[in-house]
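Here is what each chain is made of, one letter per residue.
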Amino acid sequence: MIILQIILFILIAPLLSGLITVIKNYLRMRKGQSILQPYYNLVKFFYKDEVISETASWIFRVAPFIVFSSALVASMLVPVFIFNRPILPVGDFIALVFIFTLGRFFLALAALDTGSSFGGMGSSREMFIASFVEPALCMVIFAISLQFGSTDITAFSGLHPITVSSVVAALALFLLVIAETSRIPIDNQETHLELTMVHEAMVLEYSGRSLALIELAAYLKQMIFFFLIAQLIFPIGLPLGNFVQVFLWSLWFIARIAVIAIAVAVVEVNLAKLRLFRVADFLGFAFVLGIIAVVCSILGA
């Protein structure tokens, strides 16, 4: 079942980015790319040769594999298509954060490794943003653990009551996901302007298969966070019954992830990119929401 979940993750995750792009183009009244464009990009990158800087060390070469491996391990911890704990006994929210941090750390090191000014700029900005994201994410974890009595992700992977605490925690997590997936108003995936790019600056030196692994890891990370948000505010349980019930469960499973994708697209279209030092205010608000979620959990709301 774990292998099946990983395969489904890899097959479905790029579709979310394609869906978000299509929705953004629709809202902007533009005729944009196909919803399958992320798949075309990945195939193109895998068939292209790599160009590696002469000053790059082994860190630059192994970083894409570490980033991709961390995303794969994270996909084993989240019970998206399976409803028991995927990996015993480490499948909890805190482990998920550390695994993603490992990928971020090596990607930042690789950006510095080539000596590019863009890479150094992107790494410093990424670490600056991460210093605000991780404390706020910890507050969300504390709120969830107080409500469900455990940091284990399977504690809220099934049906559960929707409380004020879970809604506020999901809202805080939504703001953090915008930063984690490099989207407006924190970052912009569609630009290579040196004054604004963060994540794109770190991967600017990559090409070919290495770039494909990094992009696929970003798709997996996005899908994992979307699932966590959806499970907090749109809980779903294991279907037990006939084919019709399983079919309706599958439709609802897909629809709730699509709702999160639509919300992300609407935010990107209606907001402008923030200045770097205003990002602290944005993520500070997410931290405050995390504190509110913790207080609501303590009060039993």
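Refer to the structure presented above.
Residues numbered from 1 in each chain as written. Predicted model: local features only at pLDDT ≥ 70, side-chain atom pairs only at ≥ 80, totals over all residues. Heavy atoms only, no water.

Draft legend 1. Here's a closer look at the overall build of the protein chain. Helices and strands together make up the secondary structure of the protein chain, namely 10 helices and 0 strands. Tracing the protein chain from N to C terminus, the helices and strands come up as α-α-α-α-α-α-α-α-α-α. Over its C-alpha trace the protein chain gives a radius of gyration of 19 Å, about what one expects of a compact globule, namely 19 Å for 301 residues. The principal-axis extents of the C-alpha atoms in the protein chain amount to approximately 55 × 45 × 40 Å. Looking at the 301 residues of the protein chain, the share that counts as buried comes to 50%. In the protein chain, the share of contacts with a sequence separation of at least 24, taken over all contacts with a separation of at least 6, comes to 80%. (Helix = DSSP H or I, 4+ residues; strand = E, 2+ residues; numbered from the N terminus. Rg over C-alpha atoms; globule rule 2.2 N^0.38 Å. Buried < 20%, exposed > 50% of the residue type's maximum accessible area, 1.4 Å probe, protein only. Contact = heavy atoms within 4.5 Å.)

Draft legend 2. Structural view of a nonpolar patch on the surface. A cluster of nonpolar side chains, Ile-3, Ile-7, Leu-11, Ile-12, Leu-15, Ile-35, Leu-36 and Tyr-40, forms an exposed patch at the surface whose accessible area comes to about 680 Å². The leading source of residues in the nonpolar patch is helix α1 (residues 2-27), at 5 residues. Inspection of the secondary structure puts Ile-12 in helix α1. (Patch = residues over 30% accessible without salt bridge, like charges linked within 9 Å, V, L, I, M, F, W, Y side chains within 5 Å. Areas by Shrake-Rupley, 256 points an atom, 1.4 Å probe, with all protein chains shown as cover. Salt bridge = Lys/Arg side-chain N within 4 Å of Asp/Glu carboxyl O.)

Draft legend 3. Broad picture of the nonpolar core. Membership of the largest hydrophobic core comes to 89 residues, with the highest contact counts inside it found for Phe-93, Leu-96, Leu-173, Tyr-206, Phe-226 and Leu-228. Considering each element in turn, this core owes the most residues, 17 residues, to helix α8 (residues 208-233). Residues in contact with Leu-173, not counting those within four places in the same chain, are Leu-137, Val-140, Phe-225, Leu-228, Ile-229 and Leu-232. (Core = buried A, V, L, I, M, F, W, Y, C linked by side-chain atoms within 4.5 Å.)

Draft legend 4. Representation of helix α3 (residues 58-77) in the model. The end-to-end C-alpha distance of α3 is 29 Å, a good match for the 28 Å that 20 residues give at a rise of 1.5 Å each. The largest bend along α3 measures about 25 degrees and falls at Pro-64. If you follow the buried residues of α3, they end up packed against α1, α4 (93-113) and α8. (Expected span 1.5 Å × (residues − 1). Bend = angle between axes of the 7 residues up to and from the residue.)

Draft legend 5. Structural view of the layout of surface pockets. One number sums up the size of the largest pocket: a volume of about 970 Å³. Lining of the largest pocket is provided by 41 residues; of these, Gln-189, His-199, Glu-200, Glu-215 and Ala-218 occupy positions nearest its centre. Counting residues per element, the ones that place at least two in the lining of the largest pocket are α1, α2 (37-47), α3, α4, α6 (164-180), α7 (199-202) and α8. Per-element accounting of the lining of the largest pocket gives the leading share, 8 residues, to α8. Split by residue class, the lining of the largest pocket holds 16 nonpolar, 15 polar and 10 charged. (1 Å grid on protein atoms, 1.4 Å probe; cavity = no way out; pocket = protein on both sides within 12 Å on 5 of 7 lines; lining within 4 Å. Points joined across faces, edges and corners; volume = space filled by probe spheres on them. Nonpolar A, V, L, I, M, F, W, Y, C, P; charged D, E, K, R; others polar.)

Draft legend 6. Summary view of unusual backbone geometry. Cis rather than trans, the peptide bond between Ile-184 and Pro-185 has omega equal to 15 degrees. Summarising the element assignment, Pro-185 is placed in the loop between α6 and α7. Positive phi, close to 60 degrees, is recorded for Met-29, a residue that is not glycine. Judged by relative accessible area, Met-29 falls into the exposed class, the value being 77%. With a phi angle near 60 degrees, Ser-182 is a residue other than glycine that sits in the positive phi range.

Draft legend 7. Highlighting the environment of Leu-27. Relative to the helices and strands, Leu-27 resides in helix α1. Judged by its relative accessible area of 36%, Leu-27 falls in the partly exposed class. Sequence-distant contacts of Leu-27, that is, excluding residues within four places in its chain, are made with Ala-265, Val-266 and Val-269.

Draft legend 8. Region of interest: empty space enclosed by the protein. Summed over the entire model, instances satisfying the criterion amount to 2 cavities of 30 Å³ or more. One number sums up the size of the largest cavity: a volume of about 50 Å³. As for the largest cavity, its lining consists of Leu-96, Val-97, Phe-100, Thr-101, Arg-104, Glu-134, Leu-137, Glu-180 and Phe-225. Only α4 and α5 (117-148) provide two or more residues apiece to the lining of the largest cavity. Residue contributions to the lining of the largest cavity peak at 5 residues, all from α4. Its residues assigned to classes, the lining of the largest cavity shows 5 nonpolar, 1 polar and 3 charged. When its volume is computed, the second largest cavity comes out at roughly 40 Å³. What lines the second largest cavity is simply Glu-126, Ile-129, Ala-179, Ser-182, Asp-187 and Val-198. Residues of the lining of the second largest cavity, tallied by class, amount to 3 nonpolar, 1 polar and 2 charged.

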